[in-house]
Each structure stands twice: as C-alpha cells, then as structure tokens.
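Listed here are the chains, written in short residue letters.
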Amino acid sequence: NKRNNSGIGAGYDLTTVQIAPSQPAQLVTASVGTYPTTATWGKSLAVTTQISNQSYGAAPATRAQVVLTPAGQIQGTGYDVTIGSINVPAIAPWQTVNVEKSIALPEIPPVLLQGATEFTLTILPDADFVTNPVSPHVAIGGVGIDQAIVNIKLPAGVEAPPDLAIGVHEAQREPGAAAHD
C-alpha cells in the first residue's frame with residue numbers, strides 16, 4: 001500500500017528534532033607568578049598560574065604556553081621564545097584551576113633573548129588550540145594578570161656570547177679621494 005509510505009504523521013514518517021549546539025569554552029589566565037623573580041640561565045624557574053574557564057562550555061584538558069619576551073618588546077611580534085608549557089586539566093564552566101611547573105632554563109639565552117636581562121613572561125592558556133582555534137594567541141590582561149616581569153641573569157663566570165648579527169659598515173674616505181666602484 002503506497003499510501004502508507006508518507007503523510008502518516010508524527011511518530012511514523014515525521015518527527016521533531018531539536019539540535020542544541022554545544023557551548024564553547026573560553027580559557028583565560030587569571031594570574032601568574034614566578035619564583036625566583038631573579039632567575040639564572042641554566043637553573044629552574046617555578047611558574048604558578050590560575051587558568052579560568054569564563055564560559056558555559058566545559059574545557060577539555062590542554063596546555064598553557066610559557067613565553068619569554070624581552071622587556072620593551074610587545075608579546076606576539078616576533079621576539080617571543082617559548083620556554084615550556086604547563087599541563088592544564090579539564091575545567092568545568094565558570095571554574096578556575098591553579099597549576100604550576102618548574103621550567104628548566106637553557107644554559108645560555110636563546111638568540112632572540114641575548115643581551116636582555118629583564119623579560120615579560122606570558123602565559124597563553126590554550127597552547128593546543130582546543131578551545132580557541134584562532135592563531136596566534138596573545139596576552140590580553142597585561143602584567144599582573146597573564147604576564148609577569150622576571151629578571152634572568154647569566155651564571156657567574158659566563159660571558160654573553162658575541163653579537164654576530166649582520167650589519168652594514170661603510171668605509172670612510174679621505175677628503176678629495178676618488179671613489180672606486
């Protein structure tokens with residue numbers, strides 16, 4: 001009977017479906033601290049931070065990226081060096097977790113950080129891009145919220161490596177001397 005194939009009604013060939021989209025999570029850094037505030041290259045730097053989920057969606061486990069930028073440079077503009085990451089557990093909506101990690105600093109500063117002793121340490125809360133696929137992540141709160149100032153010095157007896165950056169040097173000519181091209 002072909003009349004039974006359609007037009008029978010709800011429960012037979014029609015049904016109402018309600019699709020509720022899942023709520024996204026929004027991870028933000030609420031505070032950051034370092035110990036010691038004056039560290040030494042080749043030693044450890046303890047980093048403690050609070051990560052908050054400021055949304056109605058649950059956040060899966062991810063990592064927070066720990067970034068150093070020389071003081072005076074803006075984070076996210078090419079002077080950043082990632083020195084480690086901190087595991088962040090899953091966070092329920094509107095909850096905050098405290099996480100910490102001791103990060104081993106390299107023996108000498110990476111090239112982008114050479115010559116500087118004062119740095120801005122930034123915590124970027126979703127290094128795995130599981131809650132925020134937009135790249136790059138940048139600090140939004142500033143010093144005291146998602147950034148901290150830290151001083152890192154060279155170990156005793158170690159000299160800074162020479163600056164081997166390419167430069168331009170123009171030879172000076174004596175007045176009246178002919179230029180040779």
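Residues numbered from 1 in each chain as written. Predicted model: local features only at pLDDT ≥ 70, side-chain atom pairs only at ≥ 80, totals over all residues. Heavy atoms only, no water.

Asks: With reference to specific residues and values, describe the packing of aromatic side chains.
Replies: A complete count under the given rule lists two aromatic pairs for this structure. When the ring of W41 is compared with that of F119, the centres are 5.9 Å apart and the planes differ by 85°; the resulting orientation is edge-to-face. Remark: F119 occurs in strand 7 (residues 118–124) and W41 occurs in the loop between strand 2 (38–40) and strand 3 (44–53); sequence separation between them is 78 residues. Centroid distance Y56 to W94: 5.3 Å. Interplanar angle 80°. Geometry classified as edge-to-face. Of this pair, Y56 sits in the loop between strand 3 and strand 4 (62–70) while W94 is found in the loop between strand 5 (81–88) and strand 6 (96–104), placing the two residues 38 residues apart along the sequence. Residue Y56 is classed as exposed on the basis of its relative accessible area of 62%. Residue W94 is classed as partly exposed on the basis of its relative accessible area, which comes to 48%. (Phe/Tyr/Trp six-rings, centres within 6.5 Å; stacked < 30°, edge-to-face > 60°. Helix = DSSP H or I, 4+ residues; strand = E, 2+ residues; numbered from the N terminus. Buried < 20%, exposed > 50% of the residue type's maximum accessible area, 1.4 Å probe, protein only.)

Asks: Go over unusual backbone geometry with me, naming the residues and quoting the values.
Replies: Between Y35 and the following residue, P36, the backbone shows a cis peptide bond with an omega angle of -5°. With respect to the helices, strands and loops of the structure, P36 is situated in the loop between strand 1 (27–35) and strand 2. Positioned with a positive phi, F129 is a non-glycine residue whose angle comes to about 60°. Relative to the assigned elements, F129 resides in the loop between strand 7 and strand 8 (147–153).

Asks: Explain the layout of surface pockets to me, using residue names and the numbers behind them.
Replies: Of the volumes computed, that of the largest pocket is approximately 280 Å³. Lining the largest pocket are 17 residues, with L27, P125, N132, V138 and I140 sitting closest to its centre. Of all elements in the fold, only strand 1 and strand 7 reach the threshold of two or more residues within the lining of the largest pocket. Among the elements that take part in the lining of the largest pocket, strand 1 stands out by supplying three residues, more than any other. Per-class residue counts for the lining of the largest pocket are 10 nonpolar, five polar and two charged. (1 Å grid on protein atoms, 1.4 Å probe; cavity = no way out; pocket = protein on both sides within 12 Å on 5 of 7 lines; lining within 4 Å. Points joined across faces, edges and corners; volume = space filled by probe spheres on them. Nonpolar A, V, L, I, M, F, W, Y, C, P; charged D, E, K, R; others polar.)

Asks: Which residues make up the sheet that holds strand 4, and what values go with them?
Replies: One open sheet holds the five strands; their spatial order is 2-8-7-4-5, and the pairing between them is mixed. The sheet is open, and its two edges are formed by strand 2 and strand 5, each paired on a single side. Going from strand to strand, the sheet's axes swing by 35° on average, the running direction of each strand aside. Bridge analysis of strand 2 against strand 8 gives three bridges, and the strand direction is parallel. Looking at the pairing, A39 lines up with I152 of strand 8. (Pairing = 2+ DSSP bridges. Axes fitted to C-alpha atoms, helices over the stretch in contact; angles between N-to-C directions.)

Asks: Residues and numbers for the pattern of salt bridges, please.
Replies: A complete count under the given rule lists one salt bridge for this structure. Ionic pairing is found between R63 and D128, a salt bridge with its closest N-O pair at 2.7 Å. Taken as a pair, R63 in strand 4 and D128 in the loop between strand 7 and strand 8 lie far apart in primary sequence, 65 residues in all. (Salt bridge = Lys/Arg side-chain N within 4 Å of Asp/Glu carboxyl O.)

Asks: Tell me about the pairing of strand 3, residues and numbers included.
Replies: In terms of strand pairing, strand 1 meets strand 3 through eight bridges, oriented antiparallel. Note that in strand 3 the partner of T34 across the bridge is V47. Pairing of strand 3 with strand 6 involves nine bridges; the strand directions are antiparallel. Within the sheet, the bridge partner assigned to T48 lies in strand 6 and is E100.

This is a description of form; function is not addressed.
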